[in-house]
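What the coordinates show
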Amino acid sequence: QMHVVESGGGLVQPGGSLRLSCAASGFTFSSYDMSWYRQAPEKERELVAAITSASSTNYADSVKGRFTISRDNDKYTVALQMNSLKPEDTAMYYCHAHRTVVDVNVYEYDYWGQGTQVTVSA
């Protein structure tokens with residue numbers, strides 16, 4: 001079975017740091033693009049950071065310079081290092097795995113974790 005499990009969330013003061021981790025299993029991790037999304041109450045889910053299977057990275061403007069995404073293909077993990085946290089970073093953070101396979105047809109594979117809560121508050 002395919003699993004994506006997040007960990008590392010918690011309560012942190014403004015200006016603090018947290019490191020989220022996502023552990024994957026059941027699929028060929030190195031072939032997947034991995035992303036972190038977040039969703040705050042009454043807001044839409046938004047992309048925070050992404051890292052492709054080739055390790056190219058992309059960040060939302062709101063987190064550039066503060067967050068860093070990385071992956072370890074040997075350990076089947078992806079991490080999100082979050083520094084200089086702000087109250088507006090408070091949200092449920094989700095790990096997402098995606099792969100597109102083009103054969104005769106196009107196959108999309110998507111796996112989501114259950115999320116880990118990050119709360120930034122004094």
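So, here is what we can say about the structure in this document. (Residues numbered from 1 in each chain as written. Predicted model: local features only at pLDDT ≥ 70, side-chain atom pairs only at ≥ 80, totals over all residues. Heavy atoms only, no water.)

**What about the overall build of the protein?**
If you tally the helices and strands in the protein, you get 0 helices and 11 strands. Going residue by residue from the N terminus, the α and β elements of the protein occur as β-β-β-β-β-β-β-β-β-β-β. A globule of 122 residues ought to have a C-alpha radius of gyration of about 14 Å, and the protein, at 14 Å, matches this closely. With the C-alpha coordinates of the protein rotated into their principal frame, the extents come out at 55 × 30 × 25 Å. Counting across all 122 residues of the protein, residues that qualify as buried make up 37%. Between the mean site of the 10 positive side-chain charges and the mean site of the 13 negative ones, the protein shows a separation of 6 Å. (Helix = DSSP H or I, 4+ residues; strand = E, 2+ residues; numbered from the N terminus. Rg over C-alpha atoms; globule rule 2.2 N^0.38 Å. Buried < 20%, exposed > 50% of the residue type's maximum accessible area, 1.4 Å probe, protein only. Lys, Arg positive; Asp, Glu negative; His and termini not counted. Charge placed at Lys NZ, Arg CZ, Asp CG, Glu CD.)

**Details of the pairing of strand β11 (residues 116-120)**
Two faces, one strand: in a regular strand the side chains alternate between the faces of the sheet. Side chains of β11 alternate between two faces, with T116, V118 and V120 buried and Q117 and T119 left unburied. Two elements, strand β2 (residues 10-12) and β11, share 3 bridges in a ladder whose sense is parallel. When the sheet's bridge partners are listed, G10 is paired in β11 with V118. Relative to β11, strand β9 (residues 91-102) runs antiparallel, the two being bridged by 3 bridges. (Pairing = 2+ DSSP bridges.)

**Some words on the sheet that holds strand β3 (residues 18-25)**
Strand order in this open sheet of 4 strands is β1-β3-β8-β7, and the pairing throughout is antiparallel. Looking along the sheet, the strands with just one partner apiece sit at the ends: β1 (3-7) and β7 (67-72). Each strand axis lies, on average, 15° off the axis of its neighbour in the sheet, ignoring direction. Direction of pairing for β7 relative to strand β8 (residues 77-82): antiparallel, over a ladder of 6 bridges. Looking at β8, one finds that T68 is bridged to Q81. (Axes fitted to C-alpha atoms, helices over the stretch in contact; angles between N-to-C directions.)

**Here we look at the pairing of strand β4 (residues 33-39)**
Most of β4 sits out of view: 5 of its 7 residues are buried. Across 7 bridges, β4 lies against β9 in antiparallel orientation. Its bridge partner lying in β9, W36 is registered against C95. Pairing of β4 with strand β5 (residues 46-51) involves 5 bridges; the strand directions are antiparallel. Note that in β5 the partner of S35 across the bridge is A50. From the end of β4 to the start of β5, which pair antiparallel, there are 6 residues, and E42 there has a positive phi angle of about 65°.

**Quick look at the nonpolar core**
Among the nonpolar cores identified, the biggest contains 31 residues, and M34, W36, V78, L80, M82 and Y93 are the most heavily contacted of them. Where this core is concerned, the elements lending two or more residues are β3, β4, β5, β7, β8, β9 and β11. Those residues in contact with L80, other than ones at most four positions away along the chain, are L18, R19, L20, W36, V48, A49, F67, T68, I69 and Y93. (Core = buried A, V, L, I, M, F, W, Y, C linked by side-chain atoms within 4.5 Å. Contact = heavy atoms within 4.5 Å.)

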